[in-house]
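Each chain, letter by letter, is given below.
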Amino acid sequence: MPNIDLHCHSNISDGVLSPGELVLRAAGNGVDILALTDHDDCDGLTEARRAARSSGIRLLNGVEISVTWRGRTLHIVGIEIDPENPDLVQGLESIRKGRAERARLIAEGLSRAGISGSLEGAYAFAANKNLIGRTHFARYLVEKGYAKDVQGVFRKYLVSGKPGYVAHQWAELGEAVGWIRKSGGLAVIAHPGRYELSAGALNALLSEFREAGGIGLEVVTASHTLDVAMRFCELARRFDLFASLGSDFHSPQESRMDVGKLPPLPSGCRPILEALH
Ligand code: AMP
Ligand code: MN
Ligand code: MN
Ligand code: MN
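Keep in mind that what you see is a predicted model, and the values were worked out from it rather than measured.

> An account of the packing of aromatic side chains is requested, with residue identities and associated values reported.
This structure, assessed with the given rule, holds 1 aromatic pair. Geometrically, the ring pair formed by Tyr 146 and Tyr 157 is edge-to-face, given 6.2 Å between the ring centres and 80° between the ring planes. Residue Tyr 146 is found in the loop between helix H5 (134-143) and helix H6 (150-158), and its partner Tyr 157 is found in helix H6; the two are separated by 11 residues along the sequence. Lying over the aromatic face of Phe 242, Arg 270 brings its terminal NZ or CZ to 4.1 Å of the ring centre.

> Help me get a handle on the coordination of the manganese ion (ligand 4), residues and values and all.
The coordination sphere of the manganese ion (ligand 4) contains the protein donors His 7 (NE2), His 9 (NE2), Glu 64 (OE) and Asp 248 (OD), at a distance range of 2.1 to 2.2 Å. The metal-metal distance between the manganese ion (ligand 4) and the manganese ion (ligand 2) comes to 4.6 Å. Of this pair, His 9 sits in the loop between strand S1 (4-5) and helix H1 (19-28) while Glu 64 sits in strand S3 (residues 58-69), and the two are 55 residues apart along the sequence. In this structure, His 9 and Glu 64 share a single accessibility class: buried.

> I'd like a description of the pattern of salt bridges, backed by residues and values.
Pairing between side chains of opposite charge can happen when their charged atoms approach one another. Inspection of every chain in the model, using the stated rule, returns 10 salt bridges. Where Asp 40 meets Arg 99, a salt bridge forms, and the shortest distance between an N and an O atom there is 3.0 Å. Residue Asp 40 is found in the loop between strand S2 (33-36) and helix H2 (45-55), and its partner Arg 99 is found in helix H3 (residues 86-112); the two are separated by 59 residues along the sequence. Here Asp 40 and Arg 99 have matching classes, each one buried. Residues joined in a network through salt bridges with shared partners are Arg 210, Asp 240 and Arg 270.

About the criteria used
Residues numbered from 1 in each chain as written. Chains lettered and ligands numbered in written order. Predicted model: local features only at pLDDT ≥ 70, side-chain atom pairs only at ≥ 80, totals over all residues. Heavy atoms only, no water. Phe/Tyr/Trp six-rings, centres within 6.5 Å; stacked < 30°, edge-to-face > 60°. Helix = DSSP H or I, 4+ residues; strand = E, 2+ residues; numbered from the N terminus. Lys NZ or Arg CZ within 6 Å of the ring centre and 35° of its normal. Donors = N, O, S within 2.8 Å, 3.2 Å for Na, K, Ca; no water. Buried < 20%, exposed > 50% of the residue type's maximum accessible area, 1.4 Å probe, protein only. Salt bridge = Lys/Arg side-chain N within 4 Å of Asp/Glu carboxyl O.

Next comes the structure, spelled out in structure tokens:
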């Protein structure tokens, strides 16, 4: 079996390595097929492709789109997309604009909690000023000593109920899947184990997602234990979805799973490799 990793981040979104550095790290870890899936932005793909060519990796164009479904944030990964497709380009651009507005509100919330300078501070951690996210705020707050690591900042400041949390409306599920499909890509639900959905809501999501044209479910990813992976393997089978796998790697210091260092897919679900062009 080839070594496949279909979910990871560069500093075009909230990863810390440049796209080129990320591809070199993946190559060093033995990856054969890699999808770079930055949040809501495809700008890293050109540099990643250059690095992939010289290191012999097969690079797939990817993206991870932020979605609001029934009041919750979900992430939909697109693989083998065309980053120049106008529908996708416009959709992602509108999400990025919303991020800039949200960032101002996050900074206001933090300022009310006595933390000043966080907007400038977060932007200083964002290599791509068009794509600002909570992780950039988290890195700034760690630097300032408000928590010992990024997870600690999320817990104390950036999740629902905390001073830096801002409810936000991302893309609709059908829109995101539509952009991915129109650009020739495969839509996959990212890290389903993180959403804490009831069985009923999960079934509704999977049906709706399939109906919209989604074809895959991430089964193996850093935030899934083996038990959780087995459960989503079974659900993928039941809903006739391909099983995807990706490390969701962001940083050598912050991530639990390195790029290309994934456990295998459980047996019994259809590997997404079969759906790749
Ligand atoms: P955003 O899209 O700006 O809301 O940021 C979402 C990103 O924050 C995710 O992709 C993760 O990289 C990171 N993140 C979310 N929750 C946590 C958490 N509890 N601990 C650490 N990082 C998190
Ligand atoms: Mn992220
Ligand atoms: Mn995600
Ligand atoms: Mn991700």
